Amino acid sequence: MSVIASSAAVRLWRGGWSVRIALLVLVGVALLAVAGPALAPQDPLAQNASAALQEPSLAHLLGTDYLGRDVLSRLFAGAPASLISAVAAALIGLVLGAVPGALSAFVPRFAEWFSLRIVDALLALPFILFAIVFAALLGNGLVQATLAIGILVAPGFFRIARAATLRVRDSPYIDAAGYLGASAWWILRRHVWRQVAPNLVVASVSALGGALLAVASLTFLGIGVQPPAPTWGGMLSSDLGYLGQRPWGPLAPALAIIVTVGALNVVADAARDVLGAAAVAPTKRKAVAHV
């Protein structure tokens, strides 16, 4: 698996200049997610009413907001909350969706039907309304907002994992393992997971972009992180109130979101092409030898 992963990484890097640029953008974004506040040139919470709504200058490279706070510093300091929340939401969705989705291919028909109805119900939920209700019930915090996003992206992972598992469920070596008494979890871990993993990798990268947009949407509405803590969505919301004095104000947080999501989508498309061709073939060893 390590050899396959290394080969896939090399092929991904050779996918063209657009993929390389997207990967470099994501490396920079990851650096901001880890060390954004430390890289901020000024205190992102420091207010200076006399310097409010200033144009870009050497002192403030992206200008100041309506409270005189340095926009570049707030952009850097707000990166961890936005990006780490998106990663956490995607991981929650992966755990809640992928494992039950793969197992649903081996459970009795009634349990399979019941799990599919739950997924359909989650897909039918209005996202923003569900997040608002979730925050109202459990408290308006970043953890609650992240959990709500994770729950709503889980059905996508469920369907992808289930579809990939169904493609190999009726293979002879899977039948042999079942006849010899292997449990569904053992079959999934030993034989099926290698077939499902490439699909989940691509889905995870795509889900990161969707989760980032969701986090930005919620913080734009004031759900999750409360002011004065900086977030990209919160900065976008506050800047929209001063378009007359600073019409280009929302440009910085909006571009940060757009560029990050665009880079994730480019990498997801490239990973789909690479892993689709380099997916692990079904094991040639007989299941009888493993049981």
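Below is a short write-up of the structure. (Residues numbered from 1 in each chain as written. Predicted model: local features only at pLDDT ≥ 70, side-chain atom pairs only at ≥ 80, totals over all residues. Heavy atoms only, no water.)

1. Concerning the overall build of the protein chain
In plain terms, the rule: In this text, helices come from DSSP runs of H or I with a minimum length of four residues, and strands from runs of E with a minimum of two, each type numbered from the N-terminal end. A contact between two residues is defined here by any heavy atoms of the two lying within 4.5 Å. Where accessible areas are quoted, they stem from the Shrake-Rupley method and a 1.4 Å probe; at the residue level, only the protein chains shown are allowed to cover.
A count of helices and strands for the protein chain gives 11 helices and 0 strands. Considering only intrachain contacts with a sequence separation of at least 6, the fraction spanning at least 24 residues in the protein chain is 74%. For the protein chain, the accessible surface area stands at approximately 14,500 Å², while carbon and sulfur atoms represent 70% of it.

2. Section: the nonpolar core
Applicable threshold: Here, the term nonpolar core denotes a set of buried Ala, Val, Leu, Ile, Met, Phe, Trp, Tyr and Cys residues that are joined through side-chain atoms within 4.5 Å. Burial classification: accessible surface area is computed with a 1.4 Å probe over protein chains only, and a residue below 20% of its type maximum counts as buried, one above 50% as exposed, and the rest as partly exposed.
Counting 31 residues, the largest nonpolar core has Leu75, Leu83, Phe130, Ile149, Leu218 and Trp232 as the members making the most contacts within it. Broken down by element, the residue count for this core peaks at 6 residues, all from helix H9 (residues 184–220). With residues near it in sequence (within four places) discarded, Leu75 still touches Leu62, Trp232, Met235, Ala252, Pro253 and Ala256. Listed in part, the 19 residues of the second largest apolar core include Ala90, Phe157, Ala161 and Val168.

3. Topic: empty space enclosed by the protein
Operational definition: Two kinds of site are reported from a 1 Å grid over the protein atoms alone, namely cavities, where a 1.4 Å probe fits but cannot get out, and pockets, open sets with protein on both sides within 12 Å along at least five of seven lines, and residues are called lining when an atom falls within 4 Å of a point. Grid points are joined across faces, edges and corners, and a volume is the space filled by probe spheres set on the points.
Summed over all chains, the structure comprises 1 cavity of 30 Å³ or more. Size it by volume and the largest cavity reaches roughly 30 Å³. Lining the largest cavity, in full, are Leu142, Ala145, Thr146, Ile149, Val215, Leu218, Thr219 and Ile223. Counting only elements with at least two residues in the lining of the largest cavity, the list comes to helix H7 (142–169) and H9. Looking at the lining of the largest cavity element by element, the count peaks at 4 residues for H7.

4. Some details on H9
Here is the rule: Given the number of residues in a helix, its expected span is that number minus one, multiplied by 1.5 Å. Think of it this way: the bend at a residue is just the angle between two axes, each fitted to seven residues, one set ending at that residue and the other starting at it.
Along its 37 residues, H9 runs just 43 Å from first to last C-alpha, ending more than 12% under the 54 Å computed at 1.5 Å per residue. Considering bend angle alone, the principal kink of H9 is centred on Val192 and spans about 65 degrees. Two residues or fewer past H9, Gly222 is found with a positive phi of approximately 90 degrees.

5. Overview of the packing of helix H6 (residues 127–138) against H7
Heads up, the condition is: Note on geometry: axes are lines fitted to C-alpha atoms, helical ones only across the stretch in contact, with angles between N-to-C directions running from 0 to 180 degrees. Any angle between 65 and 115 degrees counts as roughly perpendicular, while under 35 counts as roughly parallel, over 145 as roughly antiparallel, and the rest as oblique. Left-handed is the label given to a crossing in which the near helix is rotated counterclockwise from the far helix by less than a right angle, and right-handed is the label when the rotation is clockwise. Residues are grouped as follows: nonpolar covers Ala, Val, Leu, Ile, Met, Phe, Trp, Tyr, Cys and Pro; charged covers Asp, Glu, Lys and Arg; every other residue, Gly included, is treated as polar.
Close contact between H6 and H7 brings their axes to 9 Å; oriented N to C, the two are set at 140 degrees. Accordingly, the angle class assigned to the pair H6 and H7 is oblique. Of the two elements, H6 crosses H7, and the hand of that crossing is right-handed. Residues Phe127, Phe130, Ala131, Phe134 and Leu138 of H6 lie in contact with H7, whose contacting residues are Gln144, Leu147, Ala148, Ile149, Ile151 and Leu152. The residue inventory of the contact of H6 with H7, partitioned by class, reads 10 nonpolar, 1 polar and no charged.

6. Here we look at helix H5 (residues 109–124)
This is how the line gets drawn: Taken from the helix axis, the directions to the C-beta atoms give the arc we talk about.
In a regular helix each residue adds 1.5 Å, so 16 residues correspond to 22 Å; H5 covers 23 Å between its end C-alpha atoms and thus fits that length. Within H5, the full set of buried residues consists of Glu112, Ser115 and Val119. Summarising the axial view, the buried residues of H5 lie within an arc of 70 degrees, below the 170-degree limit, and thus occupy one face. Opposite the buried face of H5, at more than 90 degrees from it, the exposed residues are Arg109, Phe110 and Ala124. Tucked into the core, H5 has its buried residues touching H7.

7. Overview of the pattern of salt bridges
Spelled out, the test is: Whenever Lys or Arg places a side-chain nitrogen within 4 Å of a carboxyl oxygen from Asp or Glu, that contact is recorded as a salt bridge.
What the rule picks out here adds up to 7 salt bridges. Here Asp65 ties to Arg69 by a salt bridge, and the two come within 2.8 Å at their closest N and O atoms. Residue class for Asp65 comes out buried when judged on its relative accessible area of 4%. Judged by relative accessible area, which is 5%, Arg69 ranks as buried. Each of Asp65, Arg69 and Arg74 takes part in one network of salt bridges that share partners.

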